[in-house]
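Working through the structure, step by step
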Amino acid sequence: LLEGVTHPSTRDRTSRFNHRLCVMMQLSYTAIAAIAATALLVLPPQATASSAVASRGSMRGGLSAQALDRELGEAMAEALGCGGRVDAEKLRAIERRLEPMWRTLPKNAGGNIDRRSLRYLVHRHFNRASAIHIRGFEPSRPAHDDAWGNDILSAQVPAFVESVLESRHRAESGFSLGDAAHMVAALEQLIFDVEGSILEKVYKKHRVRTEAPVSRELAETLLESYVLHWMLDSDVESVDLLSSNQTLLEASIPHWGQLASFAHGQVRALDHQRRNAPASTAARGSARAGQNALSPQFSFEDAHSMAGDITTTFASFWESECTVMKMQLVEMDTHRTGRVPLSKFYGTGLDADWRFGESEEYLRELGALDETSWRGKQVIIPNYIQAASNCIVSGEHYRVCCVNDCEVLLDEIERKVAAPTARPETILAVVGNLSSHISVDDDAPPHIDEALRSQLAQISEAHSGEVPIHGRLFAQWLHYVFPRECPFPHKSGSTSVSAPHEFGGEYIASNVEMRRYAAEANASEVPAAMGKEELQWMSQWSPEEELVTDHLAHGLRAPWERSSVAVGAGIFLVATALGALGMGGRKTFAKGGGSGLLPSYERQKEHFV
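The following paragraphs examine the structure supplied in this document. (Residues numbered from 1 in each chain as written. Predicted model: local features only at pLDDT ≥ 70, side-chain atom pairs only at ≥ 80, totals over all residues. Heavy atoms only, no water.)

1. Notes on the overall build of the chain
Rules: Helix and strand labels come from DSSP, where a helix needs a run of H or I of at least four residues and a strand needs a run of E of at least two; each type is numbered from the N terminus. Two residues qualify as a contact provided that any one of their heavy atoms is within 4.5 Å of a heavy atom in the partner residue. Note on areas: these come from Shrake-Rupley sampling with a 1.4 Å probe, and a residue is covered only by the protein chains present in the view.
What the chain contains, in helices and strands, is 26 helices and 10 strands. Partitioning the intrachain contacts of the chain with sequence separation of at least 6 by distance along the chain shows that 74% fall at a separation of at least 24. By element, 53% of the accessible surface of the chain is carried by carbon and sulfur atoms, the whole surface being about 26,900 Å².

This is the structure we're talking about:
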């Protein structure tokens, strides 16, 4: 791999890339390996394959972790002609952000986490921090799918990182908090490099040399163009068409005027910072020695820095649009089930400017459609908001989506519980004091009725009295406690994260289809006085557990695994397995008492994500 990076035939093509790598040259082995993986994208396929194979082979040698860190770091520094160390405080800051979630992840005997937990941790971190979904780290992948493989070029970087990390840590029994922080830092750098590549294309398109400083007006133009290229990614034809037709651009991209103002604001903010806080601006690397602050000029590095800020703050900027969309759905959810009849969804879509038009097939693929209710098909609000169709940016390497409202609740739970499992009474005490914060008028603590308490207790019974915080069943329970905030957790592998242009079928519903459903809106109406139990609102409950790791299984025995289990239970397990394979599973409901029509918690087998 190192030979490929510095081969004479590729030196010119990677010179600017190498310059950016210098910034993070002294990352630990984990981070360097991840950054080096990005170099594969600019190498010839033959060199990529042979170099990667040779690299992976050498990493499985007998070197200690410390020696491997040192030797690879020194080799990269010599190859690229630069040095320095990664900012230790930055790594500590990442660790502090990861720590609350880290404490609740199951550990092995050495106090480390496995590769699935690492992937889960990294996904949750970026989702929580910037509403960024990195391709290849999504939790929707099939259970036991340890290979990254099928995401073409966009998944090659995560795949390489994963294979390298595994080769080192397989002998070391897992990954530490420091490893996780290095991996986050490496992926942040990867994203930053992707932004730089896009920005270079913008400079080239506008015939501006990357070495030349530009005025504030030109910097605003370049950043505005960057946002268009960033959002449309590899769709060069659309970029060219929209760039040449302002009217078509404003008609095609919702709120383009606000997006352009957002880009211009980055330039004005940096200019203001230079004038009023030159020392801090210089420390950040956005002011050059000897620069006259009264004569604003912006380098390519300045523009690159602003592009990075656009990525990390874009979700917050776009959140107002996500909130408007969510409030429209909430208004249609008259019984607070977190679901909207498909007829109402399409009825609103016919009147909306661009929202609520996904086809039934696409909604099903995204996991946003509940088809278990006697009321008919319903759109699940949090699943729809988090769906790939609502990610405003969908690039080769990552997506920028709507903020996940459930992350705030999960963060509070993780901080209070601070362990991989908790007893039901502990969870009830913590969750009972949370509020949904849908709006200022809707911030009351959740109503956890007897049925939900019973369901939580039955989850714990399958895990020796403890509830796994990162299990599918707890996520499902939390969805029914906060049905408008927390997505329904489908079984892994049953949904996809395909963007509209990646979906194989028709992702937009026809007007005929939408009108047909909208005509049934009155039929789907139910009396306002009808309670949730009468609605059978938990009809989608599934008794199958999925754990993020198998560490929890060690020492925990489910009821059906005890020696006293009757023969009849074995017959039941066969039936459950057949149901899990799609061979005739059927919902059952508890009868009598306070459970009403709540689905009974049948004993379930568990598997690992």
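2. Quick look at the nonpolar core
Note the threshold: The set of buried Ala, Val, Leu, Ile, Met, Phe, Trp, Tyr and Cys residues whose side-chain atoms join them within 4.5 Å is what this entry labels a nonpolar core. Type-normalised accessible area, obtained with a 1.4 Å probe on protein chains alone, sets the label of each residue: buried when under 20%, exposed when over 50%, and partly exposed for intermediate values.
Within the largest apolar cluster, 86 residues are counted, with the highest numbers of intra-cluster contacts made by Tyr226, Trp230, Phe345 and Tyr384. Top element by residues in this core is helix H9 (residues 177-205). It accounts for 14 residues. What Tyr384 contacts, discounting residues up to four positions off in sequence, is Met325, Leu329, Phe345, Phe356, Glu358, Leu363, Ala368, Val379, Ser389 and Asn390. Judged by nonpolar contacts, the second largest core, of 31 residues, contains Leu428, Val467, Phe474 and Tyr480.

3. Some details on the sheet that holds strand S2 (residues 339-341)
The criterion, for reference: Following DSSP output, two strands are said to pair if at least two bridges run between them. Between N-to-C directions, angles span 0 to 180 degrees; the directions come from axes that are lines fitted to C-alpha atoms, helices contributing only their stretch in contact.
Sheet architecture is open: three strands sit in the order S2-S4-S3, paired in antiparallel fashion. Each edge of the sheet is formed by a strand with only one pairing partner; in this case those strands are S2 and strand S3 (369-370). As paired elements, S3 and strand S4 (residues 378-380) share two bridges and run antiparallel to each other. Bridging across to S4, Leu369 finds its partner in Val379. Docked against the sheet, helix H16 (residues 342-351) engages S2, S3 and S4, running at close to 75° with respect to S2.

4. Some points on the pattern of salt bridges
To be explicit about the condition: The rule for a salt bridge is simple: a side-chain nitrogen of Lys or Arg has to be within 4 Å of a carboxyl oxygen of Asp or Glu.
Here the structure, examined in full by the defined rule, presents 29 salt bridges. Notably, a salt bridge pairs Arg355 with Glu321, separated by 2.3 Å at the nearest N-O pair. Highlighted residues: Arg355 in the loop between H16 and helix H17 (360-366) and Glu321 in helix H15 (residues 300-332), separated in sequence by 34 residues. Several salt bridges share partner residues, and in doing so they unite Arg124, Arg128, Glu407, Asp411, Glu414 and Arg415 into one network.

5. Digging into H15
Spelled out, the test is: Multiplying 1.5 Å by the residue count of a helix minus one yields the expected span of that helix. Bend is computed residue by residue as the angle between axes fitted to the seven residues ending at the residue and the seven residues starting at it.
Compared with the 48 Å implied by 1.5 Å per residue over 33 residues, the 48 Å span of H15 between its first and last C-alpha is a close match. Residue Thr313 marks the point of greatest curvature in H15, where the axis turns by about 55°.

6. Thoughts on the sheet that holds strand S1 (residues 132-134)
The sheet built from three strands is open, its strands ordered S1-S6-S5 with antiparallel pairing. Looking at the sheet topology across the chains shown, the edges are occupied by S1 and strand S5 (393-394). Bridge analysis of S1 against strand S6 (residues 398-400) gives three bridges, and the strand direction is antiparallel. From the neighbouring strand, His133 faces S6, where its bridge partner is Arg399.

7. Here's the deal with the state of the cysteines
Stated precisely, the cut-off is as follows: In plain terms, two cysteine sulfur atoms within 2.5 Å form what is called a disulfide here.
Considering all chains together, one arrives at three disulfides under this definition. Between the sulfur of Cys322 and that of Cys402 lies a disulfide, 2.1 Å long from S to S. Taking the torsion about the sulfur-sulfur bond, which here is approximately -80°, the covalent link between Cys322 and Cys402 counts as left-handed. Separated by 80 residues along the polypeptide, Cys322 in helix H15 and Cys402 in the loop between S6 and helix H19 (406-417) bring together distant segments of the chain. Note on Cys322: relative accessible area 3%, which makes it buried. Look at Cys402 and you get buried, because its relative accessible area is 1%. Each sulfur of the disulfide joining Cys406 and Cys486 lies 2.1 Å from the other. Negative torsions about the S-S bond denote left-handed disulfides, and the value of about 85° found for Cys406 with Cys486 makes this one right-handed. Of this pair, Cys406 sits in helix H19 while Cys486 sits in the loop between helix H22 (472-481) and helix H23 (511-518), and the two are 80 residues apart along the sequence. Residue class for Cys406 comes out buried when judged on its relative accessible area of 4%.

8. A word on the packing of H15 against H16
A packed helix pair is summarised by two numbers, namely the angle formed by the two axes and the spacing between the axes. Operational definition: Should an angle lie under 35 degrees it is considered roughly parallel, over 145 roughly antiparallel, and from 65 to 115 roughly perpendicular; all remaining angles are considered oblique. A clockwise turn of the near helix away from the far one marks a right-handed crossing, whereas an anticlockwise turn of less than a right angle marks a left-handed crossing.
Where H15 meets H16, the axes come as close as 10 Å, and the angle between the chain directions of the two elements is 135°. Judged by the angle between their axes, H15 and H16 are oblique. Regarding H15 and H16, the two cross each other, and that crossing is right-handed. Taken together, the residues of H16 that come into contact with H15 (itself represented by Gln328, Leu329 and Met332) are Lys344, Phe345 and Thr348.

9. Some thoughts on the side chain of Ser394
Condition: Here a polar contact is recorded for every N or O atom pair within 3.5 Å, except that within protein the pair must consist of a potential hydrogen donor and a potential acceptor, and residues adjacent in sequence are included only if both atoms are side-chain atoms.
Mapping Ser394 onto the fold places it in strand S5. The class of Ser394 is buried, set by a relative accessible area of 11%. Within the structure, the side chain of Ser394 is placed 3.3 Å from the side chain of Arg135, a separation counted as a polar contact. A polar side-chain atom of Ser394 sits 3.4 Å from a polar atom in the side chain of Arg399. Here Ser394 is in contact with Arg135, Met231, Asp233, Arg399, Ala499 and His501, once residues within four sequence places are set aside.

10. Section: the environment of Leu270
Inspection of the secondary structure assignment puts Leu270 in helix H13 (residues 256-276). Among the residues examined, Leu270 registers a relative accessible area of 3% and is labelled buried. With 32 residues separating them along the chain, Leu270 and Asp302 place their C-alpha atoms 8.6 Å apart.

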